[in-house]
Amino acid sequence: MNVFWRDKCGRVYDAEPFAALPKDADNLFVVLTARGLNPLIKIISRASDENSDTKLKRAGADNVIMPDKIGGAHMASLVLKPNIIEFIDVLTGGGDIEFHLDEISGEELQNTIHGKTIRELEIRNKFGSKIVGFKSSEGQYIVNPSPDTIINADSKIFVLGSHEQINKLRQEFKQED
């Protein structure tokens, strides 16, 4: 059985399993079971104890989230740099602002775009959105990439814009089936 979900922009995704039970031992069981059923699936798990992070990753979790640790760090950051943290919260969907941060993989883009630079795509001029980040095929993240950065099928771009702007960009450059 496949499970799907739809985001605010209307894109449909396969659901990835995540283990978010209160006990780390129960999450470990879920991770082991899911990894045994499908070695290729991405698995996200929750952990409470610092030592459980390594165990869950060894069992097959791709990412382990520690809500208490993240929450504490977030609260401390709000004290030190409240406006920056609130702004980031808004960009990642935590506020009422119309702009959002979204990810577009090179695979989603037309083959004719591969090998072109960010400058050549003219995303800001055509759609009003802005590329604020880039992930290379080697996995390197670049914040505020150069206009000379080359897009390829294995890269990802991180776009800041309204849902409408990002949807127009996707429609204009989407890979034909």
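Anything mentioned here points back to the structure above.
Calculation criteria
- Residues numbered from 1 in each chain as written.
- Predicted model: local features only at pLDDT ≥ 70, side-chain atom pairs only at ≥ 80, totals over all residues.
- Heavy atoms only, no water.
- Helix = DSSP H or I, 4+ residues; strand = E, 2+ residues; numbered from the N terminus.
- Buried < 20%, exposed > 50% of the residue type's maximum accessible area, 1.4 Å probe, protein only.
- Pairing = 2+ DSSP bridges.
- Salt bridge = Lys/Arg side-chain N within 4 Å of Asp/Glu carboxyl O.
- Core = buried A, V, L, I, M, F, W, Y, C linked by side-chain atoms within 4.5 Å.
- Patch = residues over 30% accessible without salt bridge, like charges linked within 9 Å, V, L, I, M, F, W, Y side chains within 5 Å.
- Areas by Shrake-Rupley, 256 points an atom, 1.4 Å probe, with all protein chains shown as cover.

Draft legend 1. Structural view of the environment of Glu120. If you trace the backbone, Glu120 turns up in helix α5 (residues 118–121). Between the alpha carbons of Glu120 and Pro147 there is a distance of 8.2 Å; along the sequence they are 27 residues apart.

Draft legend 2. Seen up close, the pairing of strand β9 (residues 156–162). Most of β9 is tucked away: 5 of the 7 residues are buried. Sheet analysis places strand β6 (residues 99–105) next to β9, joined by 7 bridges and oriented antiparallel. Along β9, the bridge assignment pairs His100 with Gly161. Bridge count between strand β7 (residues 130–135) and β9: 5 bridges; the pairing is antiparallel. Across the sheet, the residue bridging to Phe134 is Ile157, located in β9.

Draft legend 3. Structural context of unusual backbone geometry. Unlike most non-glycine residues, Glu122 shows phi in positive territory, near 50°. Structurally, Glu122 is set in the loop between α5 and α6 (123–127).

Draft legend 4. Quick look at the pattern of salt bridges. All chains considered together, the criterion is met by 7 salt bridges. Across the pair Glu50 and Lys69 runs a salt bridge, and its minimum N-O distance is 3.9 Å. Taken together, the residues Glu50 in the loop between β4 (44–46) and α2 (52–59) and Lys69 in helix α3 (residues 67–80) connect sequence positions 19 residues apart. As a salt-bridge pair, Asp102 and Arg170 come within 3.4 Å of each other at their nearest N and O atoms. One end of the pair, Asp102, is in strand β6; the other, Arg170, is in helix α7 (residues 163–173), and 68 residues separate them in sequence. For Asp102, a relative accessible area of 13% translates into the label buried. Its relative accessible area of 9% is what places Arg170 among the buried residues. When salt bridges with common partners are traced through the structure, they connect Asp102, Glu108 and Arg170 into a single cluster.

Draft legend 5. Structural context of the nonpolar core. Residues Ile123, Ile151, Ile157, Val159, Leu169 and Phe173 are the most contacted members of the largest nonpolar core, which totals 15 residues. Contributing elements (two or more residues each) for this core: α5, α6, β7, β9 and α7. It is α7 that contributes the most residues to this core, 3 residues altogether. Formed by 10 residues, the second largest nonpolar core is a distinct cluster that contains Ala47, Ala59, Val64 and Met66.

Draft legend 6. Focus on a nonpolar patch on the surface. Taken together, Ile84, Phe87 and Ile88 make up a surface patch of nonpolar side chains, about 290 Å² in accessible area. Structurally, Ile88 can be placed in helix α4 (residues 82–94).

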